[in-house]
Amino acid sequence: MAEKVTAPEIMKMKRTGAKITALTAYDYSFARILDDAGIDILLVGDSLGSVIQGHESTLPVTLEEMIYHTRAVARGRKRALVVADMPFLSYQVSLEEAKRNAGRFLREGGAEAVKIEGGVQMLETIEAIVQMGIPVMGHVGLTPQSIHRFGGYKVQGKEKEDREKIIQDALAVEEGGAFSVVLEGIPMDLAQEITRRVSIPTIGIGAGMHCDGQVLVVHDMLGLFDMYTPKFVKRYAELRDVMADAVKRFIAEVREGSFPDDEHSFH
Ligand code: KIV
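These figures come from a predicted structure and were not determined experimentally.

Structural notes on the pattern of salt bridges
Okay, step 1: Summed over the entire model, instances satisfying the criterion amount to 18 salt bridges.
Okay, step 2: The closest approach of N and O atoms between Glu108 and Arg107, which form a salt bridge, is 3.8 Å.
Okay, step 3: Judged by relative accessible area, Arg107 falls into the exposed class, the value being 72%.
Okay, step 4: The partner of Glu193 in a salt bridge is Arg197, and the shortest N-O contact between them spans 3.1 Å. Taken as a pair, Glu193 and Arg197 lie in helix α9 (residues 188–197) at a separation of 4 residues, close to a single helical turn.
Okay, step 5: Taken together, the shared-partner salt bridges connect Glu64, Arg104, Arg107 and Glu108 into one network.

Here it is in structure tokens:
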């Protein structure tokens, strides 16, 4: 397996045609498992608002919470690139705040890059953060922090006008100097066109097979989160069932007195 993954290394993967793999991680134990398995990018996503905190959207997640989780993930990482999601209100208000908050993810969180949502509107912000020496991952299409503007988690870019807007957003992310861009919840032919038109790697989630890489929320793909499963999620395991079964066996064994046994006791 290659050496430590870096932002330039991720950019190189587009040129060599090597597919980029990314999963979300929110804590030390998961980060270690994913890193040992060979994942390229550990994304500390603000999706933790749903799968860790139980919120209905990513909007309530705070900067301090994101830094806390990033720090835990960074401690479990050896090879993967750690990218921290900048939460709602941490980069939209002013360039000064965006720069300071992005810097905190590196200094306090141990991240190696940050992700921000938005394209044309965020061009200046991306540029300003990149100029500080911080690699930025863009995120266009269905951007969950704009959920109220979209009126729900709906596939974006189906209409011609909207499609053109998303292309312009992706081009703006590239122009701002980002090292990669997440394409979320868009038709696969649109993702294909963007992947062809931008020189930076596209990392898809619900954007089809033509992207340069793929990302999923780890709780979704492992079958840990069962509140809803979007069409684009493939469940590679049913860990909720495995865990529930283990917990039921523990309860039964404690109740019947077969745990702890001699083997699990001190003499
Ligand atoms: O927050 C997140 O997990 C994300 C990915 C879904 C791309 O932004």
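Let's talk about the packing of helix α8 (residues 160–176) against α9
A pair of packed helices can be characterised by two numbers: the angle between their axes and the separation between those axes.
Okay, step 1: Two elements in contact, α8 and α9, have axes separated by 10 Å at closest approach and are oriented at 30°. Here α9 runs roughly parallel to α8, going by the angle between their axes. For the pair α8 and α9, the sense of crossing is right-handed. For the pair α8 and α9, contact is made by Arg163, Ile166, Ile167, Ala170, Leu171 and Glu174 and by Asp189, Leu190, Glu193, Ile194 and Arg197, respectively.
Okay, step 2: Here the contact of α8 with α9 is composed, by residue class, of 6 nonpolar, no polar and 5 charged.

Topic: the environment of Leu48
Okay, step 1: Mapped onto the fold, Leu48 is located in helix α3 (residues 48–51).
Okay, step 2: In the structure, Leu48 is positioned 13 residues away from Val61 in sequence and 8.0 Å away in space, judged by C-alpha atoms.
Okay, step 3: The residues contacting Leu48, other than those within four sequence positions of it, are Tyr26, Gln53, Val61, Met66 and His69.

With respect to the site of the ligand
Okay, step 1: Near the ligand you find Thr24, Leu43, Gly45, Asp46, Ser47, Asp85, Lys115, His139, Val182, Ile205 and Val217, and these make up its full shell.
Okay, step 2: For the ligand, an oxygen atom lies 2.5 Å from a polar atom in the side chain of Ser47.
Okay, step 3: One of the side-chain nitrogen or oxygen atoms of Lys115 is found 2.9 Å away from an oxygen atom of the ligand.
Okay, step 4: In the complex, 96% of the free accessible area of the ligand, which totals 260 Å², lies under the protein chains.
Okay, step 5: Taken atom by atom, the bulk of the ligand overlaps the largest pocket.

Overview of the layout of surface pockets
Okay, step 1: By volume, the largest pocket is sized at about 1,200 Å³.
Okay, step 2: Lining the largest pocket are 49 residues, with Glu184, Ile205, Gly206, Pro230 and Phe232 positioned closest to its centre.
Okay, step 3: For the lining of the largest pocket, the elements supplying multiple residues, two or more each, are β1 (20–24), α3, β6 (180–184), β7 (202–205), β8 (213–216) and α10 (218–221).
Okay, step 4: Ranked by the residues each element gives to the lining of the largest pocket, the list is headed by β1, at 5 residues.

Comments concerning the domain arrangement of the chain
Okay, step 1: In terms of domain boundaries, the chain breaks down into domain 1 (7–236) and domain 2 (239–267).
Okay, step 2: Taking only C-alpha atoms into account, the centre of domain 1 sits 39 Å from that of domain 2.

With respect to the packing of helix α2 (residues 28–37) against helix α4 (residues 63–76)
Okay, step 1: At a minimum axis separation of 7 Å, α2 and α4 run at an interaxial angle of 40°. Comparing the axis directions of α2 and α4 gives the class oblique. Taken as a pair, α2 and α4 cross one another with a handedness that is right-handed. Counted together, Tyr28, Ala31, Arg32 and Asp35 of α2 and Ala72, Val73, Arg75 and Gly76 of α4 form the full contact between these two elements.
Okay, step 2: Its residues assigned to classes, the contact of α2 with α4 shows 4 nonpolar, 1 polar and 3 charged.

Procedures and definitions
Residues numbered from 1 in each chain as written. Predicted model: local features only at pLDDT ≥ 70, side-chain atom pairs only at ≥ 80, totals over all residues. Heavy atoms only, no water. Salt bridge = Lys/Arg side-chain N within 4 Å of Asp/Glu carboxyl O. Buried < 20%, exposed > 50% of the residue type's maximum accessible area, 1.4 Å probe, protein only. Helix = DSSP H or I, 4+ residues; strand = E, 2+ residues; numbered from the N terminus. Axes fitted to C-alpha atoms, helices over the stretch in contact; angles between N-to-C directions. Parallel < 35°, antiparallel > 145°, perpendicular 65-115°, else oblique. Left-handed = near helix turned anticlockwise from the far one by under 90°. Contact = heavy atoms within 4.5 Å. Nonpolar A, V, L, I, M, F, W, Y, C, P; charged D, E, K, R; others polar. Near = heavy atom within 4 Å. Polar contact = N/O pair within 3.5 Å; in protein donor to acceptor, adjacent residues only side chain to side chain. Areas by Shrake-Rupley, 256 points an atom, 1.4 Å probe, with all protein chains shown as cover. 1 Å grid on protein atoms, 1.4 Å probe; cavity = no way out; pocket = protein on both sides within 12 Å on 5 of 7 lines; lining within 4 Å. Sits in = over half its atoms within 2 Å of the grid points. Points joined across faces, edges and corners; volume = space filled by probe spheres on them. Domains from an automatic or database assignment.

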